[in-house]
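Each chain, letter by letter, is given below.
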2 protein chains.
Amino acid sequence: MTKQERAVRTRGTLIRSAAEVFGREGYSVASLAAISSLAGVSNGALHFHFASKAVLADAVEAAALARLAELVGGPLPAPGAGRVQHLVDVTHRLAGALRADPVLRAGFQLAGESSRPPRHDLRGHWRAWVEEAVRGAEAAGELRAGVAVRDAAAAVAAATTGLEVLGARDAEWLSAAAVAGLWRLLLPALVPEAAVKGIEVAGARPL
Amino acid sequence: MTKQERAVRTRGTLIRSAAEVFGREGYSVASLAAISSLAGVSNGALHFHFASKAVLADAVEAAALARLAELVGGPLPAPGAGRVQHLVDVTHRLAGALRADPVLRAGFQLAGESSRPPRHDLRGHWRAWVEEAVRGAEAAGELRAGVAVRDAAAAVAAATTGLEVLGARDAEWLSAAAVAGLWRLLLPALVPEAAVKGIEVAGARPL
């Protein structure tokens, strides 16, 4: 391993350790000493990579944002080929990733910290993606007659943000069963009755 | 004013000031000095009433819980006389109170603090109330055929928790229009088609 490869790896380890400590103790309580100790590096090495806790939090958010972009960035289905199903699939993918990935989880939690304005605001990015996805479903003619895009996007954004927040304390809220349950309830409100059965609430595409 | 009345008043002022400072800065960053200064009392007076910041946070949560109990504790409508409407009305009442009352807001936010296990867990109390309300609606025969109480309760709890969390940064999420929009979207999923029009999404009872 070259010196540069080692540096990249140490940086990644520090971001992951910071995410775990932020998630457990909250950003303001988290100490750089706890983070470097969990990462197995010296305080000096931490400071070489990150000048302050705020810079480290920005890096956690940036890494989480890259992960979120990956999760929502797959190819969009063609119009008529299941925009709502795509929305369902992506929420499953996000919930699975939130369960498994402390960096993504911390990125979302940092967006809710009152002591620090978020730099990358993961919750805001997620809301914007949901709104675009709902607009796409409407443009593809998949929404029920009379549904306002604005109401639908806000309800999906609020409900999924609720799962994310409640899931931080109790991972059951982010289980595949919980996400499927949410869609089972929401679908009849979003799509015409005849379309409900054609949508797989458990997610249709391999995650 | 007797000495005792003054003490009660000072205690209330301190709880309100603590709620404001917790809401603005987060629990872990909030300093007792900022709280006593906002309350216009000496540090000594603060310590006379509250031995520590943790004790003060418990008191904020307890006051918020009393307020929540008041909000959800009105008389239940008779079965058949609008259990779903009651649920709609109470969410409007809660959103209005969250907009106006920093103590209630801080109580909910404290339930999400990773640095401190909540003592009264307002979000948990709210979820429990929603579940009971949805069960009541089902028992009264108001839910759509095929709706699982569990799905319905979880969706309403997740969506309203989402509004509360998003509303902490942007009060628009707690506006009467936002709450009505959520219900406009959710109702067709929750109640039979014929019942949708009979339910006032903006809330039926004076708040």
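Residues numbered from 1 in each chain as written. Chains lettered and ligands numbered in written order. Predicted model: local features only at pLDDT ≥ 70, side-chain atom pairs only at ≥ 80, totals over all residues. Heavy atoms only, no water.

Quick look at the overall build of chain A now. If you tally the helices and strands in chain A, you get 10 helices and 0 strands. Walking chain A from its N terminus toward its C terminus, one meets helices and strands in the order α-α-α-α-α-α-α-α-α-α. Structurally, chain A occupies a C-alpha span of about 60 × 35 × 25 Å along its principal axes. Relative to its full complement of 207 residues, chain A shows a buried share of 50%. Across chain A, the fraction of contacts at a sequence separation of at least 24, relative to all contacts at a separation of at least 6, is 66%. When the accessible area of chain A is evaluated, it comes to approximately 9,200 Å², of which 55% is carbon and sulfur surface. Taken together, the 23 basic and 20 acidic charged side chains of chain A have centroids lying 5 Å from each other. (Helix = DSSP H or I, 4+ residues; strand = E, 2+ residues; numbered from the N terminus. Buried < 20%, exposed > 50% of the residue type's maximum accessible area, 1.4 Å probe, protein only. Contact = heavy atoms within 4.5 Å. Areas by Shrake-Rupley, 256 points an atom, 1.4 Å probe, with all protein chains shown as cover. Lys, Arg positive; Asp, Glu negative; His and termini not counted. Charge placed at Lys NZ, Arg CZ, Asp CG, Glu CD.)

All names here are of chain B. The terminal C-alpha atoms of helix 1 (residues 3–25), which comprises 23 residues, lie 32 Å apart, in line with the 33 Å expected from a rise of 1.5 Å per residue. Burial in helix 1 covers these residues: L14, I15, S17, A18, A19, V21 and F22. Of the surrounding elements, those touching the buried residues of helix 1 are helix 2 (32–39), helix 3 (43–49), helix 4 (53–72) and helix 6 (102–110). Among the residues trailing helix 1, G26 stands out with phi positive, at a value near 90°. (Expected span 1.5 Å × (residues − 1).)

Before going further, it helps to spend a moment on the UniProt feature "DNA-binding region" (unreviewed entry) in chain A. As annotated in UniProt, the feature "DNA-binding region" (unreviewed entry) corresponds to residues 31–50 of chain A in the numbering used here. End C-alpha to end C-alpha, residues 31–50 of chain A measures 13 Å, and it is 75% helix and 0% strand. (UniProt positions renumbered as here; feature names shortened; annotations may be inferred.)

A word on the relation of the copies chain A and chain B. Between chain A and chain B, which share one sequence, the superposing operator has a rotation angle of 180° and an axial displacement of 0.0 Å; the RMSD is 0.0 Å. Such a turn and shift between the copies fits a two-fold axis. The overlap is high: 100% of the interface residues of chain A also sit at the interface in chain B, so the same surface is used on both sides. (Least-squares fit on C-alpha atoms with pLDDT ≥ 70 in both.)

Moving on, we get to helix 7 (residues 122–139) of chain B. Between its first and last C-alpha, helix 7 of chain B extends 26 Å over 18 residues, near the 26 Å set by a 1.5 Å rise per residue. Those residues of helix 7 of chain B that fall on the buried side of the exposure criterion are L122, R123, G124, W126, W129, V130, A133, V134, G136 and A137 of chain B. Looking at the buried side of helix 7 of chain B, the elements it contacts are helix 8 (149–169) of chain A together with helix 4, helix 5 (83–100), helix 6 and helix 8 (149–169) of chain B. Where helix 7 of chain B ends, the next residue or the one after it, G141 of chain B, has phi of about 75°, a positive value.

Every contact between the two is made by 41 residues of chain A and, on the other side, 41 residues of chain B. Contact between chain A and chain B buries roughly 2,800 Å² in total, counting both sides, with carbon and sulfur atoms accounting for 64%. At the boundary of chain A and chain B, one finds 2 salt bridges. Here chain A is connected to chain B by 7 residue pairs in polar contact (both at pLDDT 80 or more). Those elements that place two or more of their residues in the side of chain A that touches chain B are helix 1 (3–25), helix 7 (122–139), helix 8 and helix 9 (176–190) of chain A. (Buried area = accessible area lost by both parts, 1.4 Å probe. Salt bridge = Lys/Arg side-chain N within 4 Å of Asp/Glu carboxyl O. Polar contact = N/O pair within 3.5 Å; in protein donor to acceptor, adjacent residues only side chain to side chain.)

Turning to the domain arrangement of chain A, a few remarks are in order. Residue and element names in this part refer to chain A. Splitting chain A by domain gives domain 1 (3–59) and domain 2 (61–196). Computed over C-alpha atoms, the centres of domain 1 and domain 2 are 29 Å apart. Listed as interface residues are 12 residues of domain 1 and, on the opposing side, 13 residues of domain 2. For the domain 1 and domain 2 pair, buried surface summed over both sides reaches about 1,000 Å², with 57% attributable to carbon and sulfur atoms. (Domains from an automatic or database assignment.)

A few words now on the nonpolar core. L104 and W183 of chain A together with L104 and W183 of chain B are the most contacted members of the largest nonpolar core, which totals 134 residues. Leaving out residues up to four positions away in the same chain, L104 of chain B has contacts with A64, R67, L68, L71, L94, A97, L98 and L122 of chain B. (Core = buried A, V, L, I, M, F, W, Y, C linked by side-chain atoms within 4.5 Å.)

A few words on the UniProt feature "domain: HTH tetR-type" (unreviewed entry) in chain A. Within this structure's numbering, the places UniProt gives as "domain: HTH tetR-type" (unreviewed entry) are residues 8–68 of chain A. Here residues 8–68 of chain A runs as 80% helix and 0% strand, with 21 Å between its end C-alpha atoms.

Here we come to the side chain of D58 of chain B. Here D58 of chain B lies in helix 4. D58 of chain B has contacts with R116, R119 and H120 of chain B, leaving out every residue within four places of it along the chain.

Residue and element names in this part refer to chain B. One pass over the structure, following the stated rule, counts 4 aromatic pairs over all chains. Each ring, one from W126 and one from W129, has its centre 5.4 Å from the other, and the planes form 20°; the classification is stacked. Taken together, the residues span about one helical turn, with W126 and W129 both in helix 7 at a distance of 3 residues. Among the residues examined, W126 registers a relative accessible area of 2% and is labelled buried. The ring of Y27 has K53 sitting right over it, with the charged end atom 4.9 Å from the ring centre. (Phe/Tyr/Trp six-rings, centres within 6.5 Å; stacked < 30°, edge-to-face > 60°. Lys NZ or Arg CZ within 6 Å of the ring centre and 35° of its normal.)

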